[in-house]
Amino acid sequence: MVEQGRYIQEGLRMVPDDQFFDRTEEIKALIDRILPLEDLPVQNCFLMGPRRAGSSEIAKKVYQELFLKQDRILPFYYRFERIFHDPVHFVRDYLTALIRQYIAFRDRDPAILLPEIISFQTVEKISRDRSDPGLEQILNDYEEADQDPDKERLVNLALHAPSMLAEKSTGFGFMILDHLHLILQMKWASCANLSELYPIALGYRKVSYLFTGLKSLLLREFFSQESLAGSIHRMDLPTLNGEKTENVFCSLCERYQVKTEIDAVRQELYRFYGIPFYMVSLIRRAGESKSQLTTPEAIRDLYHQQVSTGDIAFYYESLLNRCFKDPLEKRDAIRILSFTPLSSGVKISLEEVARRLSLDLTRVREITESLIPAGLLEGNYGMVTGIQDPVFGDFLRMTQRSWLVKGEKERGGSETQRAFPEVPILTELKNNGKSDGGEKGEKISFGLVLPMVSETELVAARALEQVAERVDFPDEEIGKIRMALIEACINSFEHSGSKDGKIYITFTLDKEKLSIVVEDKGVSFDPSRVPVPDREKIMAAPGRRGWGIELIKNLMDQVTFEDVPVGTKLRMIKYYPKEAGWKAQAG
């Protein structure tokens, strides 16, 4: 049984058992709906959940259970992984998968499922040699339909294959369609689309269906069809709750031999949004680097690394790269995603997005039309909202900053110089060279005055790089300082209400630290009156604002707000690493 289970895992590319957690209730609920198929009316099920919450893996586990532990119901599984532009290619791929699974189940030999490249012709030959009534009927009908110029007949044959095989064998079947939302992108000129033809196949009462895919897209564009009304049971797949999250976190730490103290780090586990993938990414990295997760700071630091340059960032970067080949288009997509609210109950119009971001409305429409099918944005009828995943929001926050700064570097600063020709990049302040009562050469300061307009924070980041050249900061530390400065500037732009429309920045270097002061002449700010960030409210806010102060504190060594007669004055300090120092004579 163990060996058979391994063959199915490899054939369906399932995650290992030791990386699959706490979904036994959902699997049991689905199995309980399937096994009494002979006695109950068939009701199909749509398994709905956030991206990476495990709906695909649950579907595969259901298939594995049906394959190994019963013989009355034929199990089938098909995952939509690419867009077929020719219906004939889809039919051959679909039938190849289903026939292999049928033979494997009938022979009780899951080794047939191993991921080898097998052509439709090979499967056809194997099927002919078996003299199986169900396979013979499908292949004979295929030969006839293939000669018909109307390819709809061929597609219908493929979609009805599970019911044809079930009727000739066990009498009942169960078909799993994974990533169903991809059928919405298959538009065929030679016949009707899959989204129009599937509801017909679902009408056969001896086969039950389980669907996974992007919730909002499928509910709006597939399951809303009148012919499917009342025939689809919707099963929500929640993220893991607090206790289950703790259990999964501890189990992962034990598996990857990472020391942790759950009582000390419990408050930080909310970051993972109850999704095991995020925990696996972070804890696996901790194991590889021999790190311990015994303090909140350790989790915060590694989390920021994961959403900026680690496995989590790589996953979302891959999704974005599939949508956009043009770096500038990708840059605008990140801006749009960062601006849209994270709550399905709060939507914003494309016109408002275009106006607030100073983008062409046609470009905004084109970008959102790519983001929605990819599951990175939700929307319809010219209104959009972000997906409800705060980890994705944190990724966007990190990526937007680094992407904008990188883009500014690649343009050589020419765009910034044209925008602000009257603003010197750095001005050395008077009375430099002395610390309080100290010797000359112990301290130096530079000043910068910026207008409060879009993307001015990039000028501040560029100025920081000039200052940082005087200190042997590691690149990682410079990145943290840059991100904190950008965040401080944006906070000032958005919240100060300054009448003079300017922000004043001072960089000060001494023998042990870099100090950065960000000051404006707007509304005074009292940090003691700021409540602990409410994640749910922030998720619903345009641009996901609200984490600025917390982020800055995590990135810098000291952060203080100083009393001033008018406006707000923020001081941020980063101490030099032990091996680094201020190159006092460098300039």
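Keep in mind that what you see is a predicted model, and the values were worked out from it rather than measured.

1. Re the pattern of salt bridges
- All chains considered together, the criterion is met by 39 salt bridges.
- Of the charged contacts in the structure, one is a salt bridge between K125 and D129, with a shortest N-O distance of 3.5 Å. In this pair, K125 and D129 are both assigned in helix α5 (residues 120-130), four residues apart and thus about one turn of the helix distant. Neither K125 nor D129 differs from the other in exposure class; each is exposed.
- In this structure, a network of salt bridges that share partners links the residues R13, R79, E81 and D178.

2. Re the confidence of the model for the protein chain
- Across the protein chain, the average pLDDT comes to 82, with 83% of residues at or above 70.
- No element of the protein chain has a lower mean pLDDT than helix α20 (residues 414-419), which averages 36, and none a higher one than strand β2 (residues 74-79), which averages 96.
- Counting contacts from residues 413-425, a segment whose pLDDT is below 50, to residues more than four positions away or on other chains yields 20 contacts.
- Ignoring residues within four places in sequence, the model shows residues 535-546, a span with pLDDT below 50, making 45 contacts including any to other chains.

3. Observations regarding the nonpolar core
- F80, F90 and F249 are the most contacted members of the largest nonpolar core, which totals 177 residues.
- No other element matches helix α4 (residues 87-107), which puts 12 residues into this core.
- Those residues in contact with F80 that lie beyond four places of it in its chain are F90, L177, D178, H179, L180, L182, I183, M186, L194 and Y198.

What counts, and at which threshold
In every chain, residue numbers begin from 1 and rise along the written sequence. The predicted nature of this model means local features are confined to residues of pLDDT at least 70 and side-chain atom pairs, given and counted, to a pLDDT of 80 or more, with totals for whole chains, interfaces and linings taken over all residues. Side-chain descriptors were evaluated using all non-hydrogen atoms of the structure, hydrogens and water having been removed beforehand. Salt bridges are identified by distance alone: a Lys or Arg side-chain nitrogen within 4 Å of an Asp or Glu carboxyl oxygen. Every helix listed is a DSSP run of H or I at least four residues long, and every strand listed is a run of E at least two residues long, numbered separately from the N terminus. Three exposure classes are used, based on accessible area relative to the maximum for each residue type with a 1.4 Å probe and protein chains only: buried under 20%, partly exposed in between, and exposed over 50%. Values of pLDDT, ranging from 0 to 100, describe the predictor's confidence in every residue of the model. We call two residues contacting when some pair of their heavy atoms lies within 4.5 Å. Take the buried Ala, Val, Leu, Ile, Met, Phe, Trp, Tyr and Cys residues and link them wherever side-chain atoms come within 4.5 Å; each set so joined is a nonpolar core.

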